Amino acid sequence: MSQELRPNQVEEWFPLELQTQFIEHIVHQKGLKITLRQATYFVRLWGYGYLKQRGIDQAPITTLSRQIGSFYCSHSDAAELFYTQTQGTPRAAGQMIDKLASKNLLKRGEAD
């Protein structure tokens, strides 16, 4: 495994089977109106933040902490993280982050 955390290699450091378990859990939470796509992007972002804080040597991910501290993720990195099978733009990734923030799944930091 590469010693650098690359968003476009999400399935290398965060196995798809585990992502699916977290996604299914989130989608079935009562009172949380979230689409499968939004849950997928949220779980990938959560895993990315987890490894940004703990280091790539913790990969592949086998579990996630319920809470992680703040971390920086550019819209370009988010686009690579979210859109592994399709072409997505940094702008679209930023809009998805806004949607996740509106559901109180994350807090956006100040833009540079």
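Here the structure is shown first, and the text comes after it.
These numbers were taken from a predicted model, which means no experiment stands behind them.

Student: Any chance you could break down the overall build of the protein for me, citing the residues and the numbers?
Tutor: Of the regular secondary structure elements, the protein holds five helices and zero strands. Scanning the protein from its N terminus toward the C terminus, one meets helices and strands in the order α-α-α-α-α. For the protein, whose C-alpha radius of gyration is 13 Å, the value lies close to the compact-globule estimate of 13 Å for 112 residues. Considering only C-alpha atoms, the protein reaches an extent of 35 × 30 × 30 Å along its principal axes. Within the protein, contacts between residues at least 6 apart in sequence are counted, and of these 50% link residues at least 24 apart.

Student: Lay out the packing of helix α2 (residues 16-27) against helix α3 (residues 36-54) with the relevant residues and their values.
Tutor: Packing of α2 against α3 leaves a shortest axis separation of 9 Å and a crossing angle of 125°. When the axis of α2 is compared with that of α3, the two are oblique. For the pair α2 and α3, the crossing hand works out as right-handed. Contacts between α2 and α3 involve Gln19, Phe22, Ile23, Glu24, Ile26 and Val27 from the first element and Leu36, Ala39, Thr40, Phe42, Val43, Arg44 and Trp46 from the second.

Student: I'd like a rundown of the environment of Thr63, residues and numbers included.
Tutor: On the secondary structure map, Thr63 appears in the loop between α3 and α4 (75-82). Along the primary structure Thr63 and Phe22 are separated by 41 residues, whereas in three dimensions their C-alpha atoms are 9.5 Å apart. Setting aside residues no more than four positions away along its own chain, Thr63 makes contact with Leu18 and Tyr50.

Student: An account of α2 is needed here, citing residue identities and associated values.
Tutor: In this model, α2 (twelve residues) spans 16 Å end to end at C-alpha, consistent with the 16 Å of a helix rising 1.5 Å per residue. Next to the buried residues of α2 lie α1 (10-13) and α3.

Student: Account for the layout of surface pockets, with residues named and values stated.
Tutor: Taken as a whole, the largest pocket holds about 1,000 Å³ of empty space. If you go around the largest pocket, you meet 27 residues; those closest to its centre are Phe42, Phe71, Leu105, Leu106 and Lys107. For the lining of the largest pocket, the elements supplying multiple residues, two or more each, are α2 and α3. Among the residues making up the lining of the largest pocket, the classes are represented as 14 nonpolar, eight polar and five charged. In this model, the second largest pocket occupies a volume close to 250 Å³.

Parameters at a glance
- Residues numbered from 1 in each chain as written.
- Predicted model: local features only at pLDDT ≥ 70, side-chain atom pairs only at ≥ 80, totals over all residues.
- Heavy atoms only, no water.
- Helix = DSSP H or I, 4+ residues; strand = E, 2+ residues; numbered from the N terminus.
- Rg over C-alpha atoms; globule rule 2.2 N^0.38 Å.
- Contact = heavy atoms within 4.5 Å.
- Axes fitted to C-alpha atoms, helices over the stretch in contact; angles between N-to-C directions.
- Parallel < 35°, antiparallel > 145°, perpendicular 65-115°, else oblique.
- Left-handed = near helix turned anticlockwise from the far one by under 90°.
- Expected span 1.5 Å × (residues − 1).
- 1 Å grid on protein atoms, 1.4 Å probe; cavity = no way out; pocket = protein on both sides within 12 Å on 5 of 7 lines; lining within 4 Å.
- Points joined across faces, edges and corners; volume = space filled by probe spheres on them.
- Nonpolar A, V, L, I, M, F, W, Y, C, P; charged D, E, K, R; others polar.

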